[in-house]
Amino acid sequence: MKRTFKILVFMAFTAILVSSCGNKKGDKNAAPVEPEAAQTLTDKYFQAIDRYVTDEIAPQYSPAEISVTYNDYAAVDDSNPDDIQVLGDFWVENYNIVGDTLMFVSGGNHSGKMHIKKDSEGNYFASGLDAVGDGSEFLPTAKAIFGDRFEEFQKAYSDNEAREGIRKSAISEFVKKNNLAVKYYKDYGWPAVQL
């Protein structure tokens, strides 16, 4: 299989990410939006990541009614079908619904390399995350994990304005997909943001 290394940087990939972002706890469905086979396959990778982040990482935070996931950087290496690797900055945010507002409860980002595999029935699942370290370990581990993609990752990681746009799109898509009567989302101590 010819090595393909698809860079799916935050702005160009927002539509795919948003459509597969966010699950109610226990909701495992996310429909692909791109018709081409390669893009549908990539969607399956991100659906597997979405399930992993929702099921394995979100519960590590304070519990809430819903979890919304999104990425502000991702690059896929599917040259080894037994260990598909997705470099990314994976976010999860947990919210409670209060009236017409999603109130932020907990969450954060988890940068690193996600490993994607296929089970005996042909379904993709994330088998684990090689996570970037915290504090003084961040830079050396990020450089080791992202390698020649480190500068691209660092640029996306540092762009708070772009991330807020991706976050708002992910939340809006989640609200629409789940038919929620929500018009705003709000972080503690900040004004509500209209969707």
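Our structure's up above, just so we're on the same page.
On a predicted model such as this, the values are computed, not experimentally measured, just so you know. (Residues numbered from 1 in each chain as written. Predicted model: local features only at pLDDT ≥ 70, side-chain atom pairs only at ≥ 80, totals over all residues. Heavy atoms only, no water.)

Colleague: Looking at this model, I keep getting lost on the side chain of His 115. Mind explaining?
Modeller: Locating His 115 in the fold gives a position in strand 5 (residues 101–118). Using a relative accessible area of 14% as the deciding quantity, one classes His 115 as buried. For His 115, the side chain forms a polar contact with the side chain of Asp 130, separated by 2.7 Å. Not counting chain neighbours up to four residues away, the residues in contact with His 115 comprise Asp 83, Ile 84, Gln 85, Phe 125, Ala 126, Ser 127, Gly 128 and Asp 130. (Helix = DSSP H or I, 4+ residues; strand = E, 2+ residues; numbered from the N terminus. Buried < 20%, exposed > 50% of the residue type's maximum accessible area, 1.4 Å probe, protein only. Polar contact = N/O pair within 3.5 Å; in protein donor to acceptor, adjacent residues only side chain to side chain. Contact = heavy atoms within 4.5 Å.)

Colleague: I tried to follow helix 3 (residues 138–146) on my own but got confused; where do I start?
Modeller: For an α-helix the count is 3.6 residues per turn, leaving residues at separations of three or four pointing the same way. Every buried residue of helix 3 is accounted for by Phe 138, Ala 142, Ile 145 and Phe 146. Burial along helix 3 is one-sided: seen end-on, the buried residues are contained in an arc of 85°. Those residues of helix 3 that are buried are in contact with strand 3 (66–77), strand 4 (84–98), strand 5, strand 6 (124–131) and helix 4 (150–158). Just past helix 3, the residue Gly 147 takes up positive phi, approximately 55°. (Arc of directions from axis to C-beta.)

Colleague: So what exactly am I meant to see when it comes to the pairing of strand 6 here?
Modeller: Moving residue by residue along a regular strand, the side chains alternate between the two faces of the sheet. Relative to strand 6, strand 5 runs antiparallel, the two being bridged by seven bridges. Bridge pairing links Gly 112 to Ala 131 in strand 6. Where strand 5 folds back on strand 6, the antiparallel hairpin that results is connected by five residues, among which Gly 122 adopts a positive phi of roughly 90°. (Pairing = 2+ DSSP bridges.)

Colleague: Can you help me understand the environment of Lys 118 in this one?
Modeller: Within the element layout of this structure, Lys 118 appears in strand 5. On the accessibility criterion, Lys 118 (48% relative accessible area) is partly exposed. Remark: the alpha-carbon pair of Lys 118 and Ala 48, spanning 70 residues in sequence, is separated by 9.9 Å. Here Tyr 124 takes part through its side chain, which lies 3.4 Å from a polar atom of the side chain of Lys 118.

Colleague: Looking at this structure, I do not really get the pattern of salt bridges. What am I missing?
Modeller: Side-chain pairs of opposite charge can arise whenever the charged atoms involved come near each other. According to the stated counting rule, one finds five salt bridges in the structure shown. Glu 152 is the salt-bridge partner of Arg 149, the closest N and O atoms lying 3.4 Å from each other. Exposure remark for Glu 152: the relative accessible area of 29% places this residue in the partly exposed category. The partner of Glu 164 in a salt bridge is Arg 167, and the shortest N-O contact between them spans 3.4 Å. With Glu 164 and Arg 167 both in helix 5 (residues 160–177) and three residues apart, the pair spans about one turn of that helix. Within this structure, Glu 93, Glu 164, Arg 167 and Asp 187 form a network of salt bridges that share partners. (Salt bridge = Lys/Arg side-chain N within 4 Å of Asp/Glu carboxyl O.)

Colleague: Explain the packing of helix 3 against helix 4 to me, please; I cannot follow it from the model alone.
Modeller: Think of two packed helices as two axes; the pair is described by the angle between the axes and how far apart they sit. Two numbers describe how helix 3 lies on helix 4: the axes approach to 9 Å, and their chain directions differ by 125°. One finds that helix 3 runs oblique with respect to helix 4. Contact residues: helix 3 offers Phe 138, Leu 139, Ala 142, Lys 143 and Phe 146, while helix 4 offers Phe 150, Phe 153, Gln 154 and Tyr 157. By residue class, the composition of the contact of helix 3 with helix 4 is seven nonpolar, one polar and one charged. (Axes fitted to C-alpha atoms, helices over the stretch in contact; angles between N-to-C directions. Parallel < 35°, antiparallel > 145°, perpendicular 65-115°, else oblique. Nonpolar A, V, L, I, M, F, W, Y, C, P; charged D, E, K, R; others polar.)

Colleague: It is not clear to me how the packing of aromatic side chains should be interpreted in this structure. Could you clarify?
Modeller: Within a pair of aromatic rings, the relevant descriptors are the distance that separates the centres and the angle that separates the planes. All chains considered together, the criterion is met by 10 aromatic pairs. Their ring planes at 5° and their centres at 5.8 Å tell us that Tyr 70 and Trp 91 sit as a pair that is stacked. Of this pair, Tyr 70 sits in strand 3 while Trp 91 sits in strand 4, and the two are 21 residues apart along the sequence. The two residues Tyr 70 and Trp 91 agree in class, both being buried. (Phe/Tyr/Trp six-rings, centres within 6.5 Å; stacked < 30°, edge-to-face > 60°.)

Colleague: I'm lost on the environment of Ile 171 in this one. Help?
Modeller: One can find Ile 171 in helix 5. Through-space distance from the C-alpha of Ile 171 to that of Val 68 is 6.7 Å; in sequence the pair is 103 residues apart. If near-sequence neighbours (up to four positions away) are discounted, Ile 171 is found in contact with Val 68, Glu 93, Tyr 95, Leu 102, Tyr 185 and Leu 195.

Colleague: What is the right way to look at the side chain of Arg 163 in this model?
Modeller: Summarising the element assignment, Arg 163 is placed in helix 5. Among the polar contacts listed, one links the side chain of Arg 163 to the backbone oxygen of Tyr 157, at a separation of 3.1 Å. Beyond its immediate chain neighbours, meaning those up to four positions away, Arg 163 contacts Tyr 70, Asp 72, Asp 89, Trp 91, Ala 156 and Tyr 157.

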